[in-house]
Amino acid sequence: KSVLHARSYGIFLMQFTPPMACAERCIWYGECETVDGTEKRYNCNYTGAPVPLPHEGYDLVQELCPGFFYGNVSLCCDIQQLKTLKVNLQLPLQFLSRCPSCFYNLMNLFCELTCSPHQSQFVNATKFKTYFDPVAKENKTDVIEVKYYIGQRFADAMYNACKDVEAPSSNEKALGLLCGKDAKDCNATNWIQYMFNTDNSQTPFPIIPIFSDVPTERMVPMNNNTKGCNESADDVSGPCSCQDCSLVCGPKPQPPPLPVLWTIFGLDAMYVIMWLSYMGFLVIFFGLVLATWCHRKRNLVSEYAPIDSNLAYSVNTGYEDQGRSSCCDELGERLERCLRTLFSTWGCLCVQNPLPVLLCTLVFVTIGCCGLSYMKITTDPVELWSAPASQAHKEKEYFDSHFGPFFRTEQLIITAPHASKTTYSPYPSGSDVPFGPPLDKEILFQVLDLQTAIENLVATYNNESVMLKDICLAPLAPYNNNCTILSVLNYYQNSYAVLNHSIGDDFFVYADYHTHFLYCVRAPASLNDTSMLHDPCLGTFGGPIFPWLVLGGYDSDNYNNATALVITFPVVNYHNDTKKVNKALAWEKQFIEFVKNYNNSNLSISFSSERSIEDEINRESSGDISTIIISYTVMFLYISIALGHIKSCQSCLVDSKISLGIAGILIVLCSVACSLGIFSYFGIPLTLIVIEVIPFLVLAVGVDNIFIMVQALERDERLPHEELSQQIGRVLGEVAPSMLLSALSETVAFFLGALSTMPAVRTFSLFAGMAVFVDFLLQITCFVSLLGLDVQRQESNRIDILCCMKQKSPPVRRSNGALLTFFKLYYTPFILKEWVRPIVVAIFVGVLSFSIAVLPKVEVGLDQSLSMPDDSYVLDYFSSLSKYLHSGPPVYFVVEKGHNYTSLEGQNMVCGGVGCNNNSLVQQIFTAAELDNYTRIGFSPSSWIDDYFDWVKPQSSCCRLYNATGTFCNASVVDPSCVRCRPLNAEGKRRPQGMDFMEFLPMFLSDNPNPKCGKGGHAAYSSAIDLIDDNTDVGATYFMTYHTVLKNSADFIDALKKARSIAANITESMGIAEKNYRVFPYSVFYVFYEQYLTIVDDTIFNLCISLGAIFLVTAILLGCEIWSALIVCITIAMIVTNMFGVMWLWSISLNAVSLVNLVMCVGISVEFCSHIVRAFSSCTKRTRVERAKDALAYMGSSVFSGITLTKFGGIVVLAFSKSQIFQIFYFRMYLAIVLLGATHGLIFLPVLLSYIGPPVNNAKVSAAQEQYTGTERERLLHK
């Protein structure tokens, strides 16, 4: 075929060229004198006929210029020129061989120039130089300049075939590295002009390209046939891949359109719907209120009559006309009687036998607290936020077990606030290039001083010295022990000499650090830049330095405009080696102290270490201890003082109940300690959330019950012939069922909340449920006994605390107390006035409507800066991250064990080069990177399999074997016994398959990059492939890329979702969905942010299951009063819904911390609601309004003085915390919980009960009449 092509080409030339140009003649042959200052040589002038090539050069011709391999292979070049051509083509080979058609055209360009037998037809030697050859001892003539006539059609076609080719090492277009300027500014002519210009330091003498499609200056332009990138270059290779040829891909994919905002009349639909619903409710509600008022007026009924079928009843209707009791009424009354009898008996027993009760309590508490010796506190963020059965947790374990855990990161972000931009003027021509302030040489020297000082830092652990080299990531160890340092200074080998290296004379600087920088940001994997410097770009550790990782604050891809330098020190994460982890921690501590104290006015440094966040959280926690102590002290003081009922100044020391209040507080603390101890016995670890939140919760529940019990006793009058133990037992029988209702509701709700998959919520629910239950047990045992002892002390006029001392005081008449008086005489009548109640309902329903409208707008996530103290250096680092960085965290697309990489089909599923599927793994990630704003994938992936194919191909000098032993021979070894791994024929040029694939893969993974072969996979891919079965098969592998810059929780969550979507699509397109392996994405932050993918569902589940438990327990303990249970749940649901409204108003996001607070909100809301509903249900007065007044006056006052005032005092102190997370998630949410609970429980709920509360229980009315007939209590009942 090549012979026919040559002949047809010759006929074409004879028809259209002048006769003098038709003969096969050369302009040069062989190499002559060395070019001054280089190792390159001029070609020797020769104008004769082509010379037959010796047989030793046939392999080279077949490899480089197969079109000339016909006849006797007469060429205008000798073997040495072919070798030089091969060496010179190594750079474009590395970048353009990915696209065989592109490289075929480029080879045509250089083969025709160097060796074509028709050379004189399109190459004209224009300048010569004579010299004396001392070896041949004769004069020779050098060709020192030529003109190369190239067809414009050929040049355009070659450019079009190559313009899309990617350089995988830098994710740039390859032409950006070969054109001398940005790929976007490159075209056919300036690309070829640059390749033939001596300024590129590769061309030994000027080659002047002349572009024309018609004969010019008696020369016929070289216009050979070309191959498009969508065509096969030969019978072996296929068209270029989609990554390298847009014609193969088709049009660029477009992201799906953004979701359309749901609007009505141009306004947010939820706002409109809730506004209309609220207006409709008001119309209906006020219509009913007005109608009822008119009906009352017409029938002369009191304003306190119920809005039900009892409207016809007279104001003076008694109980004699009550109807028959229903089964539910009788069941409720029996349960009420049983509970009253049980608790009365139990209370009487506790008061009569205080010492045994207290002793048993002490034994129980001691046993529970002994479990604290087994207590473990979890600080591992993975265990805190990720369930062991979660997808992200399993994927992390899979990644860690196959590739090793993700490294620890120490990072600096450096700016030069006092420096200004500089301008670099390339020699000899070219536009000026601006350089950002930190890229000034003096600044770079100062940064190098800092970097070197950090490398030399010495820490101490167990009397051992620890330096960076002892813990750093060194991918080429033990061959190369240099640490991985991702820094722009690694372009200069972290060397002062290389940074200062320049080439020039007294007048001009031909190349310096600017030149090297501009080359390296385009070719970071290069081992030899094309400038006069010839310095390597590859880092000293053997890997490339990607510019988007070490530079920040630049625009587009103009890295020279960078305003920040980023230096990253990856440290090996010794996950299962405590000693090595502690060494790393010791060095990191030294690193933090050093950078904190580093003083250089020219540099502004933001920094962070792997341990920084945990250190700052611990510092924050320590700093807030005083705030927490003050908060609890305020609550304790209030409880101790407010619990007593001071009747007069003379009896204040006797009436005080400070000792009883302290005992109640100790009971609360003991219940928390017992809860921690009990679960510690079972090995369940604690979390900081449990320690911080549960005391607050249990104190709220416990204090409320204490106030209810003590105030009920103080307001009670002892019956004639009734002993103290009987009185306390009777009072306990009245209030304990209410305490049981709230405690059991909360306990069941919390224990069911432990079904949550979120570890933080699950742990909190377990410990909270147990603490509330233990607190209830201690209150109805220990506290009742202590209450009896305290009443005995008070009745014997003994001073509180100093019980041995008695005080003479005159008898004081019993009073209800100021708070009860206020509630009974002023607050309750006002709230339940006929004109106030509709206003209350309207306001609360309005607030509810607003909360529902904004509920979907509550943000999900947790801004990590909120967990830092206000004065933390990490906050500055977070700010610099979002301001300067241009790449996000690395993301690995992992192919699980089971894929067949040795078959052509299996290779095509994952690779991204020639012949690979257009929907292969690499191609889909590449496509995703094209839509980076949508997919959050920032760059094309590094593909070990594509680099392996490039490495193993016979045209490359990478894969070689010692022909005697068959062992690997590195490309840098000069030994004639080293031969190609694969033959240079059609079979050898195909991809290795089967055993061939596995034979050379371990060699690829052990090969270090070197100037002769930059494709060695040791540094880049040694951890990316899990070789199994004694290196005979490939297990799990990964393909790495980077996310775009992720600035907030929404970005991180979206990145996780999009990456999983891409991986799922890859799994489906590979057809492995039904097999036992898949593709999944992994990044270090996934395990923390996965919770936010389901947190809305988790929130709904936890709140619904809590409300369901409360409904069930309330319905049962109130004697099947479904309506009462429903009212409790409705009110609690309103409180929780309004909490979401507060979260939106106060910018509190939904996350694990706020979800725990919401679950706690449900528990505390039970305290505000259940006591009042039960008091309403148990009241036997005539109308709903009267029953609501009674419940609010007696039980509401206890709730207000107990839980509301207690918690309010402690919460206000939290506002002064230095911790942002305390201010937001504790002060703001706790304050909202208490205020919403108090307003709903003490304002809305009584009004709601006055309208639609359950009807009076006839069985309870009858039982009350029978029980108290003829007693003083009968008078009290009918007050």
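Per chain, residue numbering runs from 1 following the sequence as it is written. Reporting in this predicted model follows two pLDDT cut-offs: at least 70 for local features of residues, and 80 or more for side-chain atom pairs to be given and counted; totals over whole chains, interfaces and linings ignore these cut-offs and use all residues. For the side-chain quantities, the full set of heavy atoms in the structure was used; hydrogens and water were omitted.

**So, the sheet that holds strand 12 (residues 408–415)**
Pairing between sheet strands relies on hydrogen bonds along the backbone, with the strands arranged either parallel or antiparallel. If DSSP finds at least two bridges between two strands, the strands pair. Helical segments are the DSSP runs of H or I of at least four residues, strand segments are the runs of E of at least two, and each set is numbered from the N terminus. In spatial order, the strands read 19-20-12-21; together these four strands make up an open sheet with antiparallel pairing. Because the sheet does not close on itself, it has two edges, and the strands there are strand 19 (551–552) and strand 21 (604–608). Bridge analysis of strand 12 against strand 20 (residues 564–571) gives seven bridges, and the strand direction is antiparallel. Residue pairing for strand 20: Ile413 is matched across the bridge by Val566. Any pair of residues with heavy atoms lying within 4.5 Å of one another is described as a contacting pair. Every axis in this analysis is a line fitted to C-alpha atoms, fitted for helices over the stretch in contact. Angles between the N-to-C directions lie between 0 and 180 degrees. Sheet contacts for helix 20 (residues 578–597): strand 12, strand 20 and strand 21; angle to strand 12, the most-contacted strand, approximately 10 degrees.

**As for the sheet that holds strand 26 (residues 1033–1042)**
Taken in spatial order, the four strands of this open sheet run 25-26-22-27, and their pairing is antiparallel. In this open sheet, the two strands that pair with only one neighbour each are strand 25 (1025–1028) and strand 27 (1079–1082). Averaged over all pairs of adjacent strands, the angle between strand axes in this sheet comes to 15 degrees, irrespective of strand direction. Looking at chain direction, strand 22 (residues 890–895) and strand 26 are connected through six bridges and run antiparallel.

**Overview of helix 29 (residues 873–884)**
Multiplying 1.5 Å by the helix residue count minus one yields the expected span of that helix. Compared with an ideal rise of 1.5 Å per residue, which puts 12 residues at 16 Å, helix 29 spans 17 Å between its outermost C-alpha atoms and is within 8% of the ideal. Relative accessibility thresholds used throughout: buried, under 20% of the residue-type maximum; exposed, over 50%; partly exposed, between the two (1.4 Å probe, protein chains only). Looking at helix 29, one finds that the buried residues are Tyr873, Val874, Tyr877, Phe878, Ser880 and Tyr884. Take helix 29 and look down its axis: the buried residues cluster within an arc of 165 degrees, on one side only. Where helix 29 starts, the residue carrying a side-chain oxygen 3.0 Å from the main-chain nitrogen of Val874 turns out to be Ser872. In this description, one arc is meant: the one made by directions from the helix axis to the C-beta atoms. Pairs of N or O atoms within 3.5 Å make up the polar contacts considered here, provided that, within protein, one atom can donate a hydrogen while the other can accept it, and that residues adjacent in sequence are counted only when both atoms are side-chain atoms.

**Quick look at the pairing of strand 5 (residues 123–133)**
Side-chain positions along a regular strand alternate between the two faces of the sheet. Here 10 bridges tie strand 5 to strand 6 (residues 138–150), and the two strands are oriented antiparallel to one another. Note on strand 6: the bridge partner recorded for Asp133 is Glu138. Once strand 5 ends, the chain turns through four residues before running back antiparallel as strand 6, passing Lys137 with a positive phi of about 55 degrees.

**A few points about the packing of helix 24 (residues 688–715) against helix 26 (residues 759–795)**
Look at helix 24 against helix 26: their axes get within 9 Å of each other, and the N-to-C directions meet at 30 degrees. Considering their axes alone, helix 24 and helix 26 lie roughly parallel with respect to each other. Judged by the sense of rotation from one axis to the other, the crossing of helix 24 with helix 26 is right-handed. Residue composition of the contact of helix 24 with helix 26, grouped by class: 21 nonpolar, four polar and one charged. Here the angle decides the label: under 35 degrees means roughly parallel, over 145 means roughly antiparallel, 65 to 115 means roughly perpendicular, and every other value means oblique. Note on convention: the crossing is left-handed when the near helix lies turned anticlockwise from the far helix by less than a right angle, right-handed when the turn is clockwise. Residues are grouped as follows: nonpolar covers Ala, Val, Leu, Ile, Met, Phe, Trp, Tyr, Cys and Pro; charged covers Asp, Glu, Lys and Arg; every other residue, Gly included, is treated as polar.

**A closer look at empty space enclosed by the protein**
Residues are said to line a cavity or pocket when one of their atoms sits within 4 Å of a point; the points come from a 1 Å grid over protein atoms alone, cavities being sets where a 1.4 Å probe fits but cannot get out and pockets being open sets with protein on both sides within 12 Å along at least five of seven lines. Grid points are joined across faces, edges and corners, and a volume is the space filled by probe spheres set on the points. Inspection of the entire model under this criterion finds five cavities of 30 Å³ or more. Looking at the largest cavity, its volume works out to about 110 Å³. Lining the largest cavity are 13 residues, with Leu93, Gln94, Ser956, Cys958 and Lys1015 sitting closest to its centre. By residue number, the principal contributor to the lining of the largest cavity is helix 4 (residues 90–96), which donates three residues. Split into classes, the residues belonging to the lining of the largest cavity amount to three nonpolar, six polar and four charged. In terms of domain composition, the lining of the largest cavity takes at least three residues from each of domain 1 (28–248) and domain 4 (873–1092). Domain borders in the structure are assigned automatically or taken from a domain database.

**As for the confidence of the model for the protein chain**
A score from 0 to 100, pLDDT tells how confident the predictor is in each residue. Per-residue confidence for the protein chain averages 85 on the pLDDT scale, and 92% of its residues sit at or above 70. The model gives residues 1–21 a pLDDT under 50, and that stretch makes 19 contacts with residues more than four places away or in other chains. Of the regions scoring below 50 in pLDDT, residues 302–322 engages in 31 contacts with residues more than four places distant in sequence or in other chains.

**As for the packing of aromatic side chains**
Stacked, edge-to-face and tilted are the three classes for Phe, Tyr and Trp ring pairs, Trp counted by its six-membered ring, which pair at centre distances within 6.5 Å; planes under 30 degrees apart are stacked, over 60 edge-to-face, the rest tilted. Under the definition given, this model contains 61 aromatic pairs. With centroids separated by 6.1 Å and ring planes inclined at 35 degrees, the aromatic side chains of Phe122 and Tyr148 adopt a geometry described as tilted. Here Phe122 is found in the loop between helix 5 (100–115) and strand 5, whereas its partner Tyr148 is found in strand 6, with 26 residues between them in sequence. Judged by relative accessible area, which is 0%, Tyr148 ranks as buried. Centre to centre, the rings of Tyr892 and Tyr1038 are 4.7 Å apart; their planes meet at 75 degrees, and the pair counts as edge-to-face. With Tyr892 in strand 22 and Tyr1038 in strand 26, the pair connects residues that are 146 residues apart, well separated along the chain. An identical accessibility class is assigned to Tyr892 and Tyr1038; each is buried. Clustering of aromatic rings is evident, with ring pairs tying together Tyr901, Trp944, Tyr948, Phe949, Trp951, Phe968, Phe997, Phe1004, Tyr1021 and Phe1039. By the criterion adopted, a ring carries a charge over it if an Arg CZ or a Lys NZ lies within 6 Å of its centre and within 35 degrees of its normal. Just above the ring of Tyr1251 sits the side chain of Arg837; from NZ or CZ to the centre is 4.7 Å. Against the face of Phe1176 rests Arg1187, its NZ or CZ located 4.1 Å from the ring centre.

**Some remarks on the pattern of salt bridges**
Salt bridges are defined by distance alone: a side-chain nitrogen of Lys or Arg within 4 Å of a carboxyl oxygen of Asp or Glu. The full count for this structure, using the stated rule, is 33 salt bridges. Put simply, Arg980 and Glu63 hold a salt bridge, and the shortest N to O gap is 2.6 Å. Placement of the pair is Arg980 in strand 24 (residues 978–980) and Glu63 in helix 2 (residues 58–64), with a sequence separation of 917 residues. For Glu63, a relative accessible area of 10% translates into the label buried. The salt bridge partner of Glu145 is Lys127, with a shortest N-O separation of 3.7 Å.

**A closer look at the environment of Phe696**
Among the structural elements, Phe696 can be located in helix 24. Remark: the alpha-carbon pair of Phe696 and Ala157, spanning 539 residues in sequence, is separated by 76 Å.

**With respect to the state of the cysteines**
By disulfide we mean two sulfur atoms from cysteines, separated by a distance within 2.5 Å. A full pass over the atoms with the stated rule returns 14 disulfides. Linked covalently through their sulfurs, Cys26 and Cys76 form a disulfide whose S-S length is 1.9 Å. Its S-S torsion of about -80 degrees marks the bond between Cys26 and Cys76 as left-handed, since a negative value means left-handed. Highlighted residues: Cys26 in the loop between helix 1 (2–16) and strand 1 (28–34) and Cys76 in the loop between strand 4 (74–75) and helix 3 (79–88), separated in sequence by 50 residues. Here Cys959 is linked by a disulfide to Cys981, with a sulfur-sulfur distance of 2.0 Å. Taking the torsion about the S-S bond as the criterion, the Cys959 to Cys981 disulfide, at about -95 degrees, is left-handed. Pair noted here: Cys959 is in the loop between helix 33 (944–952) and strand 23 (960–962) and Cys981 is in the loop between strand 24 and helix 34 (986–989), with a separation of 22 residues, a long-range link. In this structure Cys981 comes out as buried when scored by relative accessible area, which is 13%. The thiol of Cys1104 is unpaired, and the distance to the nearest cysteine sulfur, on Cys1129, comes to 11 Å. Of all cysteine sulfurs, the one in Cys1169 lies closest to Cys1161, which takes part in no disulfide; the gap is 9.6 Å.

**Thoughts on the packing of helix 28 (residues 836–854) against helix 43 (residues 1220–1252)**
Where helix 28 contacts helix 43, the two axes come as close as 10 Å, and the packing angle between them is 120 degrees. On the basis of their axis angle, the class for helix 28 and helix 43 is oblique. Handedness of the crossing formed by helix 28 with helix 43: left-handed. Where helix 28 approaches helix 43, its residues Arg837, Pro838, Val840, Val841 and Phe844 are matched on the opposing element by Thr1239, His1240, Ile1243, Phe1244, Val1247, Ser1250 and Tyr1251. Of the residues that constitute the contact of helix 28 with helix 43, the class distribution is eight nonpolar, three polar and one charged.

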